[in-house]
Amino acid sequence: MTELLHKTAAELGRLIAAREVSAVEVTQAHLDRIAEVEPKVNAFLHVDPETTLAQARAVDERIAGGERLGPLAGVPVAHKDVFTTTDMPTTAGSKILEGWRPPYDATVTSRLREAGLVILGKTNLDEFAMGSSTENSAYGPTRNPWDLSRIPGGSSGGSSAAVAAYEAPLSTGTDTGGSIRQPAAVTGIVGMKPTYGGSSRYGLIAFASSLDTPGPFARNVLDAALLHEAFSGHDVMDSTSIHAHVPPVVEAARQADIAGLRVGVVKEFGGEGYQPGVLARFHEAVELLESLGAKVVEVSCPSFGYALPAYYLIAPSECSSNLARFDAMRYGLRVGDDGTRSAEEVMSMTRAAGFGPEVKRRIMLGTYALSSGYYDAYYGQAQKVRTLISRDFDAAFHQVDVLVSPTTPTTAFPIGERADDPMAMYLADLCTIPTNLAGNAAISVPCGLADEDGLPVGLQIMAPVLGDDRCYRVGAAVEKALEDRWGGSLLTKAPALEGLGYQHG
Amino acid sequence: MPYDEALERFEPVLGLETHVELGTESKMFCGCPTEFGAPPNTHVCPVCLALPGSLPVANAEAIESTIRIGLALNCTIAEWCRFARKNYFYPDMPKNYQISQYDEPLCTDGYLDVVVDGETVRIEIERVHLEEDTGKSTHVGGATGRIHGADYSIVDYNRAGIPLVEIVTKPIPGTDRLAPEVARAYVTELREVMRALGVSDVRMEEGSLRCDVNVSLMPRGASEWGTRSETKNVNSLRSVERAVRGEIERQAAILADGGRIVQETRHFHEDTGRTTSGRSKEEAQDYRYFPEPDLLPMAPDREWVASLKADLPELPSVRRGRLQAEWGVSDLDMAAMHNADAIDLVEATVAAGAPAADARKWWMGELARRANEAGKPLAELPITPAEVARVTELVSSGALNDKLARQVLEGVLAGEGSPDDVVAKRGLQVVNDEGELLAIIDKVLAENADAADKVRSGKVAAAGALVGGVMKASRGKADAARARELILEKLGVS
Ligand SMILES: [Zn+2]
C-alpha cells in the first residue's frame, strides 16, 4: 500500500477514475499511515476512519455508476480545522469550540465534497489561525516531519505536516499573514495563497476578515493547482468573493515555461535577520530562473518595511471584533453558569478560560487599536500603509511579471524557541505579509536545504491580483528544474520517520 | 415643575432618533424571513445566529428602501459609503457587534416639514442610515422586567438581523411651548412618509417604528444648549408628546433647584407618563467602530438614484395639499382631518362616489363622535368608506334626510348590515308617496288655518311652521323640501 502514498494527487485521481485502484484503497492507505505516524507528528485534531471511508465508498459508487467527476475525485485531503464541516467537529484549535459540531459546511468544504475529494480529518492549527508555529494550538503542537523537535510552521502547521509526512497527498490551509506559505516553506512542500476573494471565506472561522484566504497545500505544483481549482471561484455567500473565473492555474502548472518572463527580486527582503543558508538557496533559485530564460531585475518596494507593524494593527483589530461572538450564549464552551452569575460574568469567565494567551494578546491589541482617540493613530494609519503597499506592488508589476523573495527568513525553528518571544515569532511572516495586505497572489515552492541545518527553504513567487496562474507557471518551472537536479522531489531527502515502519522508496 | 412655569424659565431643544424596521421579505444579511410573531428562534440561520464562519450578504432591497427614504426626506445620497461594525457585548446581539453605519451614512442633510398649529416647522434631518436589528431579550422574574434583578433571561433571535433604518434629526431649537406637539407631528409625518413609500408597516406597538426622544433645556436667553437626556421605550404618538412634556418638567425642576442634568438614557413609563433613569452615558461607551470588512462598500449608481427619485410616490404633505385644493376645504378643516386620521377615509369615500363636503361632514361629524364615544381610532369603526358613500347618496337622492341617515349609520355600526339593509329593516324611507304626503298636508292646513291664511296673503315665511307640522305628523319621514313645495302649491303662492 505504501506505493500509493508516494503517488501524486493527479496520478491517484487518474487511477481512481480508471478504476485501477479504488478511492477506498487509497483512503485506507492514508488512514493507515495516519495511524502509524500521528503519535509523533500530531498533525490531526480529528480523524474518523468510518466517516472518511464512507465518503470514499460513495465516490467509488459514483464512478462505478458512470458519473464523470473532477480530476481529484476519490483523492484524500486533510482539511484545516478552521473550515466548518457537518460530519466532523470544528474547533479552530481552541478550547472555546471544543466538540462543536457545525450545522453547515463551509463553501470550501462543500466544493471539496462536490469534486469527490475524501476528507481524511481535520488538521491542527494555531488557535484561531493566530501564530507561525502551531504551538498556539490548544491541543498541543504539531511536529515537523523533517525534525520532530522543530515546528511545522503555522498557522496551518497540521496541514503542512500531514502532507510532508505522507499522511495526505493534499491539504487545505488559510493564509492571513503567511499561514500557508510559511508552513509550506519549512516543511519542504508547495503552498499557495490565492488572490484575496478568489476562494470563499464562507464557513472559514474568521481571524482577520480582510486578510484571510483559503488555499491549497501539495507535494508538487500541479497537485496544488488542481486542488486550488477544485475549491475556488465566486461564491454568493461571501460578499468579498471576486466575480471572475478562476485563473487558469492548472494549465499554467502544466506549462512550466518562463522564457522571456520578467522577474523582480525584492530589494528590501534579505540581509540582516535572514539565515545565510536561506539566502544562499534563494540566490541559487534566482540564478536558476535566469538560466531558464527569465529576465531578472532588482525592484524596490520601500513600503514593505512597514508591512509587519501595519499587519499587527489590522489583523488584531479585526480579530478583536470577529472573536466577540464566542460568548458562551449560543455554542461552545460555557464556564461559571451556576445560576448565580450574570450573563456578563459567564461571558467573561468563559472567554478567560477558553482563549489561549496569544489569542488574548491579539484581542487586547486590537481592542486598544480601535479605541476612540487611538483609531486614527493605529488602525487608520495602518490602512494608509496598506494603500502604500498596494501601490508598491502596482508599480513593481508595471516593471515585472512576478516578484520573488525567500518565503521566510529562517528554516524551521525548534519548538519552544520563540514561544515566549512574540516579536521573534512575528518575524517569521516578514516576507509573506505584504501580499496579504495587498490581496494579491503568492506561492511558496521548495528551493533546497539550508547548509547550516539541512532543513527546507522556500522560494516565494508573488503575482498581481488574479495573476494566480503566474505563480503556478513559475513555480512549476522551478520545480521541474530543481527536481531534475535533485533527481526527485525535495521530500525524498527528508529523513524517514524512524521507528515508525516507514522507509522512503 | 408645572409645564407653563418651566417654559417661562427655560427653552427646550429637541432631537429625535427614529428606528424603522423595513418590511423586506428577508433579513438584512441572510435569507431568513422577517415576518412578525413567529414562534421564537424559528427564523434563524448560521448568519443571523453568528455561527463561527458565517458571513453577511447585504439585502439589496433594504439598501434601495433606505435610499428611497433618504430621497423622500430630501437628503443627499452618498456616492460611496460603507457599513461599519459597532462593537459591544450584549446577549441579544449574536455577533456582539452590530453591522451599522458610522461616519459614512447612506443619506445625509435632509429635512421634513411638519405643520403644527397652522405653522410649518422644518425639521432638519442629519442622517439616514441602514443597520440590523438585535434579538429580543425577555427578562423573567424580578420586579422591573429589566435585566437587573431578573431570575433569568431568554432571547428570541427572530428579530436579529431585520433591516433597520435609523433617522436622526439635527437638534431642533425654537419650538418653545409647542415642543411636545412638534415631536409628535414629526413622528406622525415620518410614519406617513414610510407608509406612502411602502417600506414598512410602521406599527409602533409592534416595535416596527421606535422613537428615542432627546430633550435638553437652556435658560431663556442663553445661547449654549444644556445637557440632554435620551428617552427610550416611547411606543406611541401620544407617548412621544408626553415624554417631551415630562422631560421638560423634570429637567426644569432640577435646573431650578440648582442641580445639573446627567447625560443618560431614560425609560418612559406609559402608565405614569414619567421617565426613570437608565444607563448613564457620562462614561461614554466606546463602540470601537471600524469599516465592516465582510461587506463591500456601497456606491449607488447616480442614474439609478435619479430613477428612484423620479419614481417616488406622492408624498403625504403634497397629497394633502392636492386633496385640500380638490375638496375646497380650509387649512383648519384639513388640519382637523389630518389630526383625526380621516384623510384616507374621506378620500376613499369620495372615490366611492360621495361629494367631498358630504364625505367630510359624516366622517368628521357623526362618525368622529361615535369613534370618540367608543374610544377607537376612526379607521377602526366597523363601517367602510363605500357604506358612508352610499348613505350620502341616499341623502342626496332624497331617500333619506340627515336625521334618518344618522339612524342608518347607527345601524351599520351596530352590525345590522349595509345601509340599504338598515333602511329596509328599520323602515327608514323618507315618505315620498305623494298621496300620503298630500293627505298629511291637508290635515295640517286644516288644523292651522291661521298660518295658511298668512301664507296665502304673501307671508311665505309662515310656511315654515306648516312644514314643521308635516314633519311632526309624519314622524320625520317626510321629505321636508317636497312638503314645502306642495304646501306653497296648494296655497297658490308658488
Ligand atoms: Zn438568518
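Residue numbers run consecutively from 1 along every chain, following the written order of its sequence. In the order they appear in the text, chains get letters beginning with A and ligands get numbers beginning with 1. Side-chain atom pairs in this predicted model are given and counted only at pLDDT of 80 or more, local residue features only at pLDDT of at least 70, and totals for whole chains, interfaces and linings cover all residues. To get the side-chain values, all heavy atoms of the structure are used, and hydrogens and water are removed first.

(A) Spotlight on the overall build of chain B. For the purposes of this entry, the term helix denotes a DSSP run of H or I that reaches at least four residues, the term strand denotes a run of E that reaches at least two, and both are numbered from the N terminus. Counting its regular elements, chain B contains 16 helices and 14 strands. Here the C-alpha atoms of chain B give a radius of gyration of 30 Å, more than 25% beyond the 23 Å that 2.2 N^0.38 yields for 494 residues. Projected onto the principal axes, the alpha-carbon positions of chain B cover approximately 95 × 55 × 50 Å. The cut-offs for exposure are 20% and 50% of the maximum accessible area for each residue type, with area from a 1.4 Å probe on protein chains only; residues under the lower value are buried, those over the upper are exposed, and the others partly exposed. A total of 494 residues make up chain B; the buried ones form 49% of that total. Across chain B, every contact between residues at least 6 apart in sequence was considered, and the portion connecting residues at least 24 apart equals 69%. A 1.4 Å probe and the Shrake-Rupley method give the accessible areas. Residues count as covered only by the protein chains that appear here. Carbon together with sulfur atoms contributes 49% to the accessible area of chain B, which is approximately 22500 Å² in total. Looking at charge distribution, chain B has the averaged site of its 57 positive side-chain charges lying 4 Å from that of its 79 negative ones. Restricting the calculation to C-alpha atoms gives the radius of gyration, and the globule rule supplies 2.2 Å times the number of residues raised to the power 0.38. Any two residues whose heavy atoms approach within 4.5 Å are treated as being in contact. Charged-residue counts in this description rest on Lys and Arg as positive and Asp and Glu as negative, His and the chain ends being excluded. Here the site of a charge means atom NZ of a Lys, CZ of an Arg, CG of an Asp or CD of a Glu.

(B) Spotlight on the sheet that holds strand 4 (residues 97-100) of chain B. Two strands pair if DSSP finds at least two bridges between them. Strands sit in the order 4-3-14 (chain B) across an open sheet of 3 strands; the sheet is antiparallel. At either margin of the open sheet sits one strand with a lone partner, and together these are strand 4 and strand 14 (290-291) of chain B. Bridge count between strand 3 (residues 84-87) of chain B and strand 14 of chain B: 2 bridges; the pairing is antiparallel. Considered in strand 14 of chain B, the bridge of R85 of chain B is made with F290 of chain B. Those strands touched by helix 11 (residues 307-322) of chain A are strand 3, strand 4 and strand 14 of chain B, and its axis lies near 60° from that of strand 3 of chain B. Throughout, an axis means a line fitted to C-alpha atoms (over the contacting stretch in the case of helices), and angles, computed between N-to-C directions, take values from 0 to 180 degrees.

(C) View of empty space enclosed by the protein. Residues and elements named next belong to chain B. Points on a 1 Å grid, built from protein atoms alone, make a cavity when a 1.4 Å probe fits but cannot get out and make a pocket when they are open with protein on both sides within 12 Å along at least 5 of 7 lines; residues with an atom within 4 Å of a point are the lining residues. Grid points are joined across faces, edges and corners, and a volume is the space filled by probe spheres set on the points. Counted under the stated rule, the structure contains 8 cavities of 30 Å³ or more. Here the largest cavity is characterised by a volume of approximately 150 Å³. Around the largest cavity, the lining is made up of 22 residues, and of these F29, V47, C48, K95 and E132 lie nearest the centre. Taken together, the residues of the lining of the largest cavity sort by class into 12 nonpolar, 3 polar and 7 charged. Side-chain classes follow a simple rule in which Ala, Val, Leu, Ile, Met, Phe, Trp, Tyr, Cys and Pro form the nonpolar group, Asp, Glu, Lys and Arg form the charged group, and the remainder, Gly included, forms the polar group.

(D) Seen up close, the coordination of the zinc ion. Residues and elements named next belong to chain B. Keep in mind that water is not among the atoms, so a site may look incomplete; donors are the N, O and S atoms within 2.8 Å of the metal, or 3.2 Å for Na, K and Ca. With distances of 2.3 to 2.4 Å, the protein atoms coordinating the zinc ion are C30 (SG), C32 (SG), C45 (SG) and C48 (SG). Coordination at the zinc ion is tetrahedral: its 4 donor atoms span angles of 101 to 114° at the metal. Between consecutive donor residues of the zinc ion, the sequence gaps follow C-x1-C-x12-C-x2-C. Of this pair, C32 sits in the loop between strand 1 (10-21) and helix 2 (60-72) while C45 sits in the loop between strand 1 and helix 2, and the two are 13 residues apart along the sequence. Classification of C45 by relative accessible area gives buried; the value is 19%. A site with four donors is called tetrahedral when every donor-metal-donor angle falls between 85 and 135 degrees; four donors are called square planar, and six octahedral, when opposite donors sit more than 155 degrees apart and all other angles fall between 65 and 115; any other arrangement is irregular.

(E) Representation of the side chain of T174 of chain A in the model. Residue and element names in this part refer to chain A. Of note, T174 is situated in strand 4 (residues 170-175). Residue T174 is classed as buried on the basis of its relative accessible area of 1%. Pairs of N or O atoms are called polar contacts if they sit within 3.5 Å, as long as, within protein, a hydrogen donor faces a hydrogen acceptor (for residues adjacent in sequence, only side-chain-to-side-chain pairs). Here the side chain of T174 touches K80 through a polar contact of 2.6 Å, side chain to side chain. The residues contacting T174, other than those within four sequence positions of it, are K80, V82, F83, A129, S155, S156, S179, I180, L204, T213 and P214.

(F) Quick peek at helix 12 (residues 343-354) of chain A. All names here are of chain A. An ideal rise of 1.5 Å per residue puts 16 Å on 12 residues; helix 12 measures up with 16 Å between its terminal C-alpha atoms. Turning to helix 12, its buried residues are V346, M347, T350, R351 and G354. For helix 12, the arc enclosing every buried residue in end-on projection is 125°, short of the 170-degree limit, so these residues lie on one face. Turning to helix 12, the residues buried within the fold contact helix 13 (357-370). Residue count minus one, scaled by 1.5 Å, sets the expected span of a helix. To obtain the arc, one takes the directions from the helix axis to the C-beta atoms.

(G) Spotlight on the pairing of strand 8 (residues 295-299) of chain A. Residue and element names in this part refer to chain A. Across 5 bridges, strand 7 (residues 262-266) lies against strand 8 in parallel orientation. Across the sheet, V266 pairs through a bridge with V299, a residue of strand 8. By convention, a crossover is right-handed whenever its connection, traced from the first strand over the helix to the second and viewed with the strands pointing away, goes clockwise. Read from strand 7 through helix 10 (residues 276-291) to strand 8, the crossover connection turns out right-handed.

(H) The arrangement of the interface of chain A and chain B in detail. At the interface, 39 residues of chain A touch 31 residues of chain B. Once two parts are put together, the accessible area they lose, assessed with a 1.4 Å probe and summed over both, is termed the buried area. The largest contributions to the chain A side of the interface with chain B come from S239, R325 and R330 of chain A, which together make up 23% of the buried area. A side-chain nitrogen of Lys or Arg and a carboxyl oxygen of Asp or Glu constitute a salt bridge if their distance falls within 4 Å. In this structure, the connection of chain A to chain B is made through 1 salt bridge. Measuring nitrogen to oxygen at the nearest pair gives 3.0 Å for the salt bridge that ties R201 of chain A to D294 of chain B. The interface formed by chain A and chain B contains 18 residue pairs in polar contact (both at pLDDT 80 or more). At the level of secondary structure, the elements contributing two or more residues to the side of chain A that touches chain B comprise helix 11, helix 12 and helix 13 of chain A. Take the side of chain A that touches chain B: its biggest share by element is 5 residues, from helix 11 of chain A. Class assignment for the residues of the side of chain A that touches chain B results in 19 nonpolar, 13 polar and 7 charged.

(I) Local environment of the domain arrangement of chain B. By domain assignment, chain B separates into domain 1 (3-309), domain 2 (314-406) and domain 3 (434-490). The split of the chain into domains comes from an automatic or database domain assignment. For domain 1 of chain B versus domain 3 of chain B, the separation of C-alpha centres amounts to 67 Å.

(J) Summary view of the nonpolar core. What is meant by a nonpolar core is a set of buried Ala, Val, Leu, Ile, Met, Phe, Trp, Tyr and Cys residues, joined one to another through side-chain atoms within 4.5 Å. Core analysis: the largest hydrophobic core is formed by 204 residues, its most contacted members being F128, L403 and Y472 of chain A together with I69, I167 and Y186 of chain B. Of all the elements, helix 3 (residues 179-197) of chain B adds the most residues to this core, at 10 residues. Formed by 35 residues, the second largest nonpolar core is a distinct cluster that contains L323, V329, A359 and A405 of chain B.

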